[in-house]
Amino acid sequence: MFPSKNWLTADRNDLQFGTNVFGHFYFTKLLLPTLIATAKSAPDGKARVITTSSSAHALQGLTFSTFKDSPTRKKMSTTQLYGQSKTGNIVQAFEFARRYSSEGIVSMPLNPGNIRTDLMRHIPSFLRSIMVRKCPICSC
């Protein structure tokens, strides 16, 4: 989360968008034949795809010219780029549902909440202190 803006995928996409959106999309697309087969054989006729997103989606919509490295992307903050990737997750989940619900696939985005993990190592400390909550189970 919140890597340097200089970090890009091999295809020169924004690293956060490439990882959080393109990566999830490709992985789910590879699983599509198995998901469809599973839905056909499941007692309820459903297979489920859960895409993790975040409340950070509210920070930024989608700006198509910033998926790849560009002057517009360089003007965005890492917070905006992260928010954009989480908006991308939501759009992807709903679009997957629209395209494949007739095949028995249920696709939903999910906000897992804010927990303390090493994923937040690049987040500014003031923002991390707002976002991180202690785990109610083990107080980690």
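See the structure above.
Keep in mind it's a predicted model, so treat the numbers as computed, not measured. (Residues numbered from 1 in each chain as written. Predicted model: local features only at pLDDT ≥ 70, side-chain atom pairs only at ≥ 80, totals over all residues. Heavy atoms only, no water.)

Quick one: what's the story with the side chain of S70, residue by residue and with numbers?
Among the secondary structure elements, S70 is positioned in the loop between β1 (47–52) and α2 (71–75). Side-chain polar atoms of S70 contact the backbone oxygen of S65, separated by 2.8 Å. From its side chain, S70 meets the backbone nitrogen of R73 in a polar contact 3.1 Å long. (Helix = DSSP H or I, 4+ residues; strand = E, 2+ residues; numbered from the N terminus. Polar contact = N/O pair within 3.5 Å; in protein donor to acceptor, adjacent residues only side chain to side chain.)

Would you mind going over the packing of helix α1 (residues 15–41) against helix α3 (residues 78–100) in detail, with residue names and values included?
Between α1 and α3, whose axes approach to 8 Å, the crossing angle comes to 20°. Judged by the angle between their axes, α1 and α3 are roughly parallel. For α1 against α3, the interelement crossing comes out right-handed. Mapping the contact onto sequence places Q16, F17, N20, V21, H24, F25, T28, K29, L32 and L35 in α1 and T78, L81, Y82, Q84, S85, K86, G88, N89, Q92, F96 and Y100 in α3. Residues that form the contact of α1 with α3 fall into these classes: nine nonpolar, ten polar and two charged. (Axes fitted to C-alpha atoms, helices over the stretch in contact; angles between N-to-C directions. Parallel < 35°, antiparallel > 145°, perpendicular 65-115°, else oblique. Left-handed = near helix turned anticlockwise from the far one by under 90°. Contact = heavy atoms within 4.5 Å. Nonpolar A, V, L, I, M, F, W, Y, C, P; charged D, E, K, R; others polar.)

For α1, give the residues involved together with the corresponding values.
Over its 27 residues, α1 runs 37 Å from end to end, which matches the ideal 39 Å to within 8%, given 1.5 Å per residue. Its axis deflected by about 50° at L32, α1 carries its strongest bend there, up to four residues before the proline P33. Among the residues of α1, Q16, F17, G18, N20, V21, T28, L32, L35, I36 and A39 are the ones counted as buried. Among the structural elements, β1, α3 and β2 (105–110) are those in contact with the buried residues of α1. (Expected span 1.5 Å × (residues − 1). Bend = angle between axes of the 7 residues up to and from the residue. Buried < 20%, exposed > 50% of the residue type's maximum accessible area, 1.4 Å probe, protein only.)

Describe unusual backbone geometry, and please don't skip the residues or the numbers.
Look at R12: it is not a glycine, yet its phi comes out positive at around 70°. Mapped onto the elements of the fold, R12 is located in the segment before α1.

Describe the side chain of T87, with residues and values.
Among the structural elements, T87 can be located in helix α3. Note on T87: relative accessible area 13%, which makes it buried. Each residue touching T87, except ones within four places of it in the same chain, is listed here: H57, Q60, G61 and L62.

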